[in-house]
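Descriptive structure summary
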Amino acid sequence: MAIIEVKNLVKTYKIIEKEEGLIGYFKNLVKPKYKEFTAVNNVNFSIEKGELVGYIGENGAGKSTTIKMLTGLLTPTSGNVIVNGIIPNQKRIENNKNIGAVFGQKTQLWWDLPVIESFRLIKKMYKIPENEYRKNLKKFTELLDLEELLEKQVKNLSLGQKMRCEIAATFLHDPKIVYLDEPTIGLDVFVKEKIRKFIKDINREKKTTVILTTHDLKDIEDVCDRIILLDKGQIIYDGEKQKFKDTYGRYVIAELIVNNIKDNIILNNAEILEQNDNKLKIKFSHDETTIVKIMDEISKFCNIEDIHMKEAELEDILKEIYKGVHTNVKNNDATSKNAI
Amino acid sequence: MQKVIYNISLYLSFLKISLKEILIYRIDCIVGIFSQLIVQLVSLVFMFVVFQNTENIAGWNFQQILLLFGITRISIGISGYCFDGLYDIGPKYIKSGEFDKILLRPVHPLISIIGNSREFVSIADFILGLVLTIVMLVQLAIPVTILLIIKILFFSIVGALIIGAINTIFSISSFWTYRSNEVIWSFYRMYTFTEYPITIYNKFIRILITIILPFAFVAYYPTMAYLGLNTYIIYLSPVVAVVLWFVAVKLWNLALNKYRSTGN
Ligand SMILES: Nc1ncnc2c1ncn2[C@@H]1O[C@H](COP(=O)(O)OP(=O)(O)O)[C@@H](O)[C@H]1O
Ligand SMILES: [Mg+2]
């Protein structure tokens, strides 16, 4: 059985509609008017033990709301969530024993105390056996480079240091599932890389299931094998990351250094993304043309000095999807995803 | 039973942690204790003035009233230290979103919250209460036996538990109003009713503080027992405490469920 099973999950928030003026204020007090807003709309997925899943979507797509329901912080309006055989919303504390969670920059560490004191308390709370605790502490200290931080007070740590300690705290009790909601927000590249590597290492060793939401799609590129793409509360893609890229990212971006531009450049099978005196950025699909043909075409307009090509990245593809380029995503994959 | 022990030991760990946190702010702490002591001394002066004009209040003389005051302070001191973390729910946890973090622990959130209490100043209440109680027992010629001391400590802890349970019930409001502090505090102040014999109040308040919010079991009935005025009703106190906690936790859980379904 899947470790996480989500069926027809819906969350509708009730928002009090504010009325203007003093009379409105009292009206609200006596009989508030509610407006409903569906943040998560009939979501289905199932996740197997050990999967690394990127849960992505634009701001306000409903990612955090979903994760809050998976952790039992929020009661679903309708639908079912089963995590590790239990319903988190009904057996919250039982469920908490199996999971770890990071929500943005909020810390679960005790602000005024040295980091190690928080770790000890976590050990006690989760009843982590002494030898497990020692082993994990040693390994995490190495992987996340915590040696010098452990004796420092949390409030004196920088954001990057705090986040490294936070990640260690989250994995300390060997949770079966870890939810990471925007764990890398505001961090520099080096800390991000450390955290990504840590997640992958632990996943490989302990088969920890990880669900990750993030703004930085490099996190997803690096860590996740599978993505679930959410748009306005609905899943529009669920499947392997590579397949997603193959399907929607079958194009190449090429940057050319050119000179002597003679005319307005017009290309038949490629799109010009950027152009100035000596630089040309184009996009084309392997299905329609080849680089040789393109270069042939371009050389009619100018001299090519250099060329640099890159594959479409997740970020590029998603931008296009949000812009509505791949209108077929929704139609095709919303139906096919259940087969995955 | 194992679960109870686990919870109590966790609670003690949290308290230990909060004690360490308090000690980081040593100066704040000392100033706090002194100002608290001064507040208490002012109410004592007030009582002294009252007794300049009257021999007794509701049949209680000055020493007896002071004993009642002392016993009240002991309970308030304990409950202040152990349960005042409940006032933080609105501003400290809900508003800041820290409550989520507490809900993600494998422990009942109440244990986390009351364990995170840091009202160390209430040690002033405790010490003042203890001193006053012993002095008044001597003045009233009540023999201060070990048994009596144990009895006083036991029923003071029970009293503190009663106050704690009542606080827990009132803390529910902070799920929806971040600034519930004032609301709770105003009810909290009702413990001051028990600094006087309940017979001075009208029927409504008497019923209120015996049955509905049983503050009378915190100090009034125990003190009656120590004075030999009514020796049996004191044994109801532990029952009241247990029932009250049962109700408080049930109500709190209901509120928590409601809170989780609205999405704060
Ligand atoms: N407590 C709430 N009350 C009302 N609306 C909310 C609440 N929390 C989130 N929302 C709304 O629900 C939508 C989804 O929010 P969220 O799950 O936080 O999105 P994401 O994490 O994908 O950015 C947003 O439009 C947000 O404004
Ligand atoms: Mg979010």
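Numbering of residues begins from 1 in every chain and follows the order in which that chain's sequence is written. Ligands are numbered from 1 and chains lettered from A, in the order in which they are written. In view of the model being predicted, local features appear only for residues whose pLDDT reaches at least 70, and side-chain atom pairs are presented and counted only at 80 or more, with totals across whole chains, interfaces and linings using the full set of residues. Excluding hydrogens and water, the side-chain values take into account all heavy atoms of the structure.

With that out of the way, let us pick up the packing of helix α5 (residues 130–144) of chain A against helix α6 (residues 159–171) of chain A. Residues and elements named next belong to chain A. Fitted lines through C-alpha atoms give the axes, limited to the stretch in contact for helices. The angle between two N-to-C directions lies from 0 to 180 degrees. Secondary structure is summarised from DSSP: a helix means a run of H or I of at least four residues, a strand means a run of E of at least two, and numbering begins at the N terminus for each. At a minimum axis distance of 10 Å, the contact between α5 and α6 shows a crossing angle of 150 degrees. As the angle between them shows, α5 and α6 are arranged roughly antiparallel. Our pair here, α5 against α6, has a crossing hand that is right-handed. For the pair α5 and α6, the contacting residues are Asn-136, Phe-140 and Leu-144 in the first and Arg-164, Ile-167, Ala-168 and Phe-171 in the second. Should an angle fall under 35 degrees it is called roughly parallel, over 145 degrees roughly antiparallel, and 65 to 115 degrees roughly perpendicular, with every other angle called oblique. Helix crossings fall into two classes, left-handed where the near helix is turned counterclockwise from the far one by less than a right angle and right-handed where it is turned clockwise. Whether two residues are in contact is decided by their heavy atoms, any of which lying within 4.5 Å being enough.

So, on to the domain arrangement of chain A. These domain limits were set by an automatic method or by a database of domain assignments. Assigned domains within chain A: domain 1 (4–244) and domain 2 (250–311). Computed over C-alpha atoms only, the centres of domain 1 of chain A and domain 2 of chain A are separated by 43 Å.

Here we come to the interface of chain B and chain A. With 29 residues of chain B in contact, the opposing surface of chain A contributes 32 residues. Between chain B and chain A, a total of about 2,700 Å² is buried, with carbon and sulfur atoms accounting for 58% of that surface. When two parts are put together, the accessible area they lose, computed with a 1.4 Å probe and summed over both, is reported as buried area. Of all residues in chain B, the largest losses of buried area upon contact with chain A belong to B:Leu104, B:Pro106 and B:Arg260, amounting jointly to 28% of the total for that side. Within this document, salt bridges are pairs made up of a side-chain nitrogen of Lys or Arg and a carboxyl oxygen of Asp or Glu, the two lying within 4 Å of each other. Inspection of the region where chain B meets chain A yields one salt bridge. With a closest N to O distance of 3.9 Å, B:Asp100 and A:Lys68 form a salt bridge. Identification of polar contacts relies on pairs of N or O atoms within 3.5 Å, with a donor-acceptor requirement for protein atoms, meaning one able to donate a hydrogen and the other able to accept it, and with residues adjacent in sequence counted only if both atoms are side-chain atoms. Put simply, chain B and chain A have 10 residue pairs in polar contact (both at pLDDT 80 or more) between them. Listed by contribution, the elements that provide at least two residues to the side of chain B that touches chain A are α1 (2–24), α5 (98–103) and α12 (236–262) of chain B.

With that settled, the discussion passes to the sheet that holds strand β1 (residues 4–16) of chain A. The pairing of strands in a sheet happens through backbone hydrogen bonds and is either parallel or antiparallel. Residue and element names in this part refer to chain A. Taken in spatial order, the three strands make up an open sheet running β2-β1-β4, and their pairing is antiparallel. Edge positions in the sheet fall to β2 (34–47) and β4 (78–83), since each has one partner strand and no second. The mean inter-strand angle of the sheet, taken between neighbouring strand axes irrespective of direction, is 30 degrees. One requirement defines pairing of two strands: DSSP has to find at least two bridges between them. For β1 and β2, the ladder comprises 10 bridges, and the chain directions are antiparallel. Bridge pairing links Thr-12 to Thr-38 in β2. In this fold helix α2 (residues 63–71) packs onto β1, β2 and β4, with an angle of close to 115 degrees to the strand it touches most, β1.

The subject of this paragraph is the environment of A:Gln275. Residue and element names in this part refer to chain A. In this fold, Gln-275 is placed in strand β11 (residues 270–276). Judged by its relative accessible area of 41%, Gln-275 falls in the partly exposed class. Gln-275 sits 10 residues away from Ile-265 along the chain, and the two C-alpha atoms are 9.3 Å apart. In contact with Gln-275, other than residues within four places in its own chain, are Ile-261, Ile-265 and Leu-280. Per-residue accessibility, obtained with a 1.4 Å probe over protein chains only, is compared with the maximum for each type, and a residue is labelled buried under 20%, exposed over 50%, and partly exposed between these values.

Our next topic: the nonpolar core. Judged by nonpolar contacts, the single largest core of 174 residues is most densely connected at A:Ile4, A:Phe45, A:Phe119, A:Tyr179, A:Phe244 and B:Phe99. Among the elements that make up this core, the one with the highest residue count is helix α3 (residues 62–83) of chain B (12 residues). Residues A:Ala254, A:Ile282, A:Ile294 and A:Phe301 belong to the second largest nonpolar core, which totals 14 residues. In this description, a nonpolar core means a group of buried Ala, Val, Leu, Ile, Met, Phe, Trp, Tyr and Cys residues linked to one another through side-chain atoms lying within 4.5 Å.

Stacked, tilted and edge-to-face are the three classes assigned to paired rings of Phe, Tyr and Trp, where Trp is represented by its six-membered ring and a pair needs centres within 6.5 Å; plane angles under 30 degrees give stacked, over 60 edge-to-face, the rest tilted. Counted by the stated rule, this structure contains 20 aromatic pairs over all chains. With a centroid separation of 5.0 Å and an interplanar angle of 85 degrees, the aromatic rings of B:Phe154 and B:Phe155 are classed as edge-to-face. Through a chain of ring-to-ring contacts, the aromatic side chains of B:Trp60, B:Phe217, B:Tyr220 and B:Tyr221 assemble into a single cluster. The cationic tip of A:Lys14 hangs over the ring face of A:Tyr34; the distance from NZ or CZ to the ring centre is 5.7 Å. In our convention, an over-ring charge means Lys NZ or Arg CZ found within 6 Å of a ring centre and within 35 degrees of that ring's normal. Over the aromatic face of B:Tyr6 sits the side chain of A:Lys127, whose NZ or CZ is 4.1 Å from the ring centroid.

Checked against the element boundaries, A:Thr75 lands in the loop between α2 and β4. Looking at A:Thr75, the relative accessible area reads 16%, which means it is buried. A polar atom in the side chain of A:Thr75 sits 3.2 Å from the side chain of A:Asn89. Those residues in contact with A:Thr75 that lie beyond four places of it in its chain are A:Lys11, A:Asn89, B:Asn257, B:Arg260 and B:Ser261.

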